[in-house]
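Letter by letter, the chains look like this.
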Amino acid sequence: MDKKRVFSGIQASGNLHLGNYLGAIRNWVKMQNQYHNYFCVVDLHTVTVPQDPSVLRTNIREVAGLLFAAGIEEEDSVVFIQSHVRAHSELAWLLNCITPMGWLHRMTQFKEKSEQQKEEVSVGLFDYPVLQAADILLYDTHLVPVGEDQKQHVELCRDIAQRFNYRYGDVFVLPDAYIPPIGGRVMGLVNPEKKMSKSEEKRDDSIFLLDTPDQIRSKVKKATTDSLREIRFDEKRYGINNLLTVYQLLTGKEPAEIENHFTGKSYKDLKEQLAETVIETLQPLQERYRELTGEDGYLDDMLARGAERAEAHAENKLQQVYNKIGLR
Ligand code: AMP
Ligand code: TRP
């Protein structure tokens, strides 16, 4: 039987962090041989908020390099840069013309981001979820593995696809989100009530995938805990719960086993062991990253092959859409 298709995207805003890894990338790697996969560095989404051109150019390659370094393989997965495949912008336009504004007004991520940006908010930021729908629908995607914050966007994509199919006949596959049972929302270290993010201002909240061992130790040491001195999973104790959850995800141990292991130990012990576990996880990834970016042209060649393979599928789908609408 034919394998089902997976699509997911990641922004090129630099500073990939442990939340991106545990909520998304690690699952992409684990699932990849069961599916046909498309993993996309969504640079057109990234420019919905202001970017410095030379920093952006560097970040795009860094994110792509980290995907391969984390274990995405060309054999199972097509990795490419969104702006290299024109069909994404073209389909986004066509979907714009059937998507009611009211649907976009309901998107919580837009509300959050536009509050931070005030008058600077671009039309692109408002339209962000429609471009995301185009990404997903171009590849006849069945499954979209993402962190919890993207659930609403995938549901909107499904609604847009349904509306199109109803109006013009079956063209699009209706996708489902895949959110991991744990790790779908890794929280900040200093502010464990907010999710871990790429933000430079909140550097100490996030462990970045390219952080050095010393940076990791220092950040984990500064993580917020509480005054209870008891190492137990408890969703109401945000700080300790988050540290334990990350430890659980990285070691693959059961919660009871972890609680036993830390009985009678201090928060300092927990933090030290967690920091070393993070360092051990990231070390091989960082080594592979240095290898594959150290060799001139290696990464660019992989991305050129990726764009070519993605384009073959995307163009075909786009032509079907033009045809249905009456533009061809
Ligand atoms: P982004 O960097 O915003 O493009 O996100 C890339 C992927 O990482 C998406 O699937 C997000 O849902 C996921 N993600 C981002 N932040 C977190 C977090 N703190 N915890 C879990 N998943 C996250
Ligand atoms: N909006 C997603 C995020 O910020 C990135 C994204 C763009 C995406 N297109 C996508 C995720 C398609 C999944 C599928 O994380």
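Reading the values: rules and limits
Residues numbered from 1 in each chain as written. Chains lettered and ligands numbered in written order. Predicted model: local features only at pLDDT ≥ 70, side-chain atom pairs only at ≥ 80, totals over all residues. Heavy atoms only, no water. Domains from an automatic or database assignment. Contact = heavy atoms within 4.5 Å. Buried area = accessible area lost by both parts, 1.4 Å probe. Salt bridge = Lys/Arg side-chain N within 4 Å of Asp/Glu carboxyl O. Polar contact = N/O pair within 3.5 Å; in protein donor to acceptor, adjacent residues only side chain to side chain. Helix = DSSP H or I, 4+ residues; strand = E, 2+ residues; numbered from the N terminus. Nonpolar A, V, L, I, M, F, W, Y, C, P; charged D, E, K, R; others polar. Buried < 20%, exposed > 50% of the residue type's maximum accessible area, 1.4 Å probe, protein only. Pairing = 2+ DSSP bridges. Near = heavy atom within 4 Å. Areas by Shrake-Rupley, 256 points an atom, 1.4 Å probe, with all protein chains shown as cover.

**Q** Hey, could you run me through the domain arrangement of the protein chain in this one?
**A** Interface size is commonly expressed as the accessible area that is lost once the parts come together. Assigned domains of the protein chain: these are domain 1 (5-179 + 297-325) and domain 2 (200-291). Each of domain 1 and domain 2 has a C-alpha centre, and these two points are 30 Å apart. Taken together, the contact pairs twelve residues of domain 1 with 15 residues of domain 2. The contact between domain 1 and domain 2 buries some 1,300 Å² in all, and 71% of this surface belongs to carbon and sulfur atoms. Per-residue buried area on domain 1 facing domain 2 is highest for N15, L18 and A69; these three make up 39% of the total on that side. Taken together, the links from domain 1 to domain 2 amount to zero salt bridges. At the surface where domain 1 touches domain 2, the tally comes to five residue pairs in polar contact (both at pLDDT 80 or more). Broken down by secondary-structure element, the contributors of at least two residues to the side of domain 1 that touches domain 2 are α1 (18-31) and α3 (53-69). Within the side of domain 1 that touches domain 2, the residues separate by chemical class into seven nonpolar, three polar and two charged.

**Q** For this particular structure, what's the right way to read the pairing of strand β3 (residues 77-81)?
**A** Both faces of the sheet carry side chains from a regular strand, because those side chains alternate between them. Of all five residues in β3, five are buried, a share of seventy percent or more. Both faces of β3 are covered, namely the face carrying S77, V79 and I81 and the face carrying V78 and F80. Bridging between strand β2 (residues 36-41) and β3 involves five bridges; their strand directions are parallel. Residue pairing for β3: Y38 is matched across the bridge by V78.

**Q** Would you explain the site of ligand 2 in this entry?
**A** Near ligand 2 lie 13 residues; those nearest to it are G9, Y128, Q132, D135 and Q150. One nitrogen or oxygen atom from the side chain of Y128 is found 2.7 Å from a nitrogen atom belonging to ligand 2. Within the side chain of Q132, an N or O atom sits 2.9 Å from a nitrogen atom of ligand 2. Coverage of ligand 2 by the protein amounts to 91% of the 370 Å² it exposes when considered alone. Listed by contribution, the elements that provide at least two residues to the shell around ligand 2 are β1 (5-10) and α7 (123-137). Looking at the shell around ligand 2, the element that brings in the most residues is α7, giving four residues.

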